Amino acid sequence: WWSGPQKNSGSVDETYSLDIRSNQNILHMNLEDFSIGSTQLASLHFSAAQALIPRLQSMKGSTYTFCTGDGSGHPGGHQSAMTDINSHHVMGLASALRNQLSQPDPYSETISCREVRVGLPINRSEEERQLEPRERPLSQDIGTLCAGIAASPTDKEGENGALLKIESQKTLDELLIKYLAVDDDYLKSMPEHWEDCGKV
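Structural notes, computed from the coordinates. (Residues numbered from 1 in each chain as written. Predicted model: local features only at pLDDT ≥ 70, side-chain atom pairs only at ≥ 80, totals over all residues. Heavy atoms only, no water.)

**A look at the overall build of the chain**
Test applied: Going along the chain from the N terminus, every DSSP run of H or I of four or more residues is numbered as a helix, and every run of E of two or more is numbered as a strand. The rule is simple: take the accessible area with a 1.4 Å probe, protein chains only, and divide by the maximum for that residue type; under 20% is buried, over 50% is exposed, in between is partly exposed. In these tables, accessible area is a Shrake-Rupley quantity obtained with a 1.4 Å probe, and a residue counts as shielded only by the protein chains included in the view.
A tally of regular secondary structure across the chain gives 6 helices and 5 strands. What you see in the chain, going N to C, is helices and strands ordered as β-β-α-α-β-α-β-α-α-β-α. Here the chain holds 200 residues, and 36% of them are scored as buried. Working note: accessible area of the chain is about 12,500 Å², and carbon and sulfur atoms make up 55% of it.

**Some remarks on the packing of aromatic side chains**
Applicable threshold: Two aromatic rings from Phe, Tyr or Trp, using only the six-membered ring of Trp, form a pair when their centres are within 6.5 Å; if the ring planes differ by under 30 degrees the pair is stacked, by over 60 it is edge-to-face, and anything between is tilted.
Applying the stated criterion to the full structure yields 1 aromatic pair. Seen in terms of ring centroids, Y64 and F66 are 5.4 Å apart; in terms of plane orientation they differ by 65 degrees. Their pairing is edge-to-face. The residues Y64 and F66 share a single accessibility class, namely buried.

**Some points on the nonpolar core**
Definition in use: Put simply, a nonpolar core is a bunch of buried Ala, Val, Leu, Ile, Met, Phe, Trp, Tyr and Cys residues held in one set by side-chain atoms that sit within 4.5 Å of each other. The contact criterion used throughout is that any non-hydrogen atoms of two residues lie within 4.5 Å.
Judged by nonpolar contacts, the single largest core of 16 residues is most densely connected at V116, I142, L145, L164, I166 and L172. Secondary-structure elements contributing two or more residues to this core are β4 (112–118), α5 (138–151), β5 (163–166) and α6 (169–178). In this structure L145 touches V116, I166, L172, L175, L176, Y179 and A181, once residues within four positions along its chain are discounted.

**Notes on the sheet that holds strand β3 (residues 63–68)**
The following threshold applies: A strand pair is defined by DSSP finding two or more bridges across the two strands. Here an angle of 0 to 180 degrees is reported between the N-to-C directions of two axes, which are lines fitted to C-alpha atoms, with helices fitted over the stretch in contact.
Strand order in this open sheet of 3 strands is β3-β4-β5, and the pairing throughout is parallel. Unpaired on one side and paired on the other, β3 and β5 mark the two borders of the sheet. Between one strand axis and the next, the sheet turns by 15 degrees as a mean value, whatever way the strands run.

**With respect to the packing of helix α2 (residues 40–56) against helix α3 (residues 81–101)**
So the rule is basically this: Roughly parallel covers angles under 35 degrees, roughly antiparallel covers those over 145, roughly perpendicular covers 65 to 115, and oblique covers all other angles. The handedness criterion is simple: a crossing whose near helix is rotated anticlockwise from the far helix by less than a right angle is left-handed, and one whose near helix is rotated clockwise is right-handed. Note that Gly is not counted as nonpolar here; it falls among the polar residues with everything else outside the nonpolar set of Ala, Val, Leu, Ile, Met, Phe, Trp, Tyr, Cys and Pro and the charged set of Asp, Glu, Lys and Arg.
Remark: α2 packs on α3, axes separated minimally by 7 Å, with the N-to-C direction vectors making an angle of 25 degrees. As summarised for this structure, α2 and α3 are arranged roughly parallel, according to the angle between their axes. As for how α2 packs across α3, the hand of that crossing is right-handed. Of the residues in α3, those touching α2 at Q40, L41, A42, H45, F46, A49 and I53 are N86, H89, V90, L93, L97 and L101. Of the residues that constitute the contact of α2 with α3, the class distribution is 9 nonpolar, 4 polar and no charged.

**Details of the pattern of salt bridges**
For the record, the criterion: Here, a salt bridge means any side-chain nitrogen of Lys or Arg that lies within 4 Å of a carboxyl oxygen of Asp or Glu.
Considering all chains together, one arrives at 7 salt bridges under this definition. For R98, the salt bridge is made with E115, and the minimal N-O distance between the two is 3.1 Å. Remark: E115 occurs in strand β4 and R98 occurs in helix α3; sequence separation between them is 17 residues. Across this residue pair, the class does not change: R98 and E115 are buried. Where K178 meets E159, a salt bridge forms, and the shortest distance between an N and an O atom there is 3.5 Å. Of this pair, K178 sits in helix α6 while E159 is found in the loop between α5 and β5, placing the two residues 19 residues apart along the sequence. A relative accessible area of 46% means that K178 is categorised as partly exposed. Within this structure, R98, E115 and R117 form a network of salt bridges that share partners.

By themselves, these figures tell us nothing about what the structure is for.
So, in structure tokens, the structure goes:
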């Protein structure tokens, strides 16, 4: 939803909203443009974490969850060079904060920081949907999972700093059960939106 169609391909990625020339050859960029363009997505996440985490450190049982992916919509598929770089910068930031926040701090409450790394395709074609149908939109399941993670106990061994990789629907279903992640009854009255090749 945050992205727009790329010319001649019909594909979408985050570079549309980051004001990055996604089709530009990175070796043709000057150093200043590369430095700015390659860190935009990570900078946004860093800014959010820097504003929110100090507030969370004053509250016992707080959690912070990153939701990451490779940015292409189809793991391993084609994506622009800048999308690739930005996606990995966010993963690097998530990894750094997961490790840092999992260390005991005598001066503040421990925050349980986890990362949900989604390796499932989104915006699938009708043919792909028929081959591997889903009961609900992937975005709905991921949102429900993140809510379940945020509400789960933070004192379980191995939870703080955990990286949760979702490479199959089976893994996603298992994680939804593990974190007791269920849709709020209120959501049942809301319409479900399925995206097909960039169209809702």
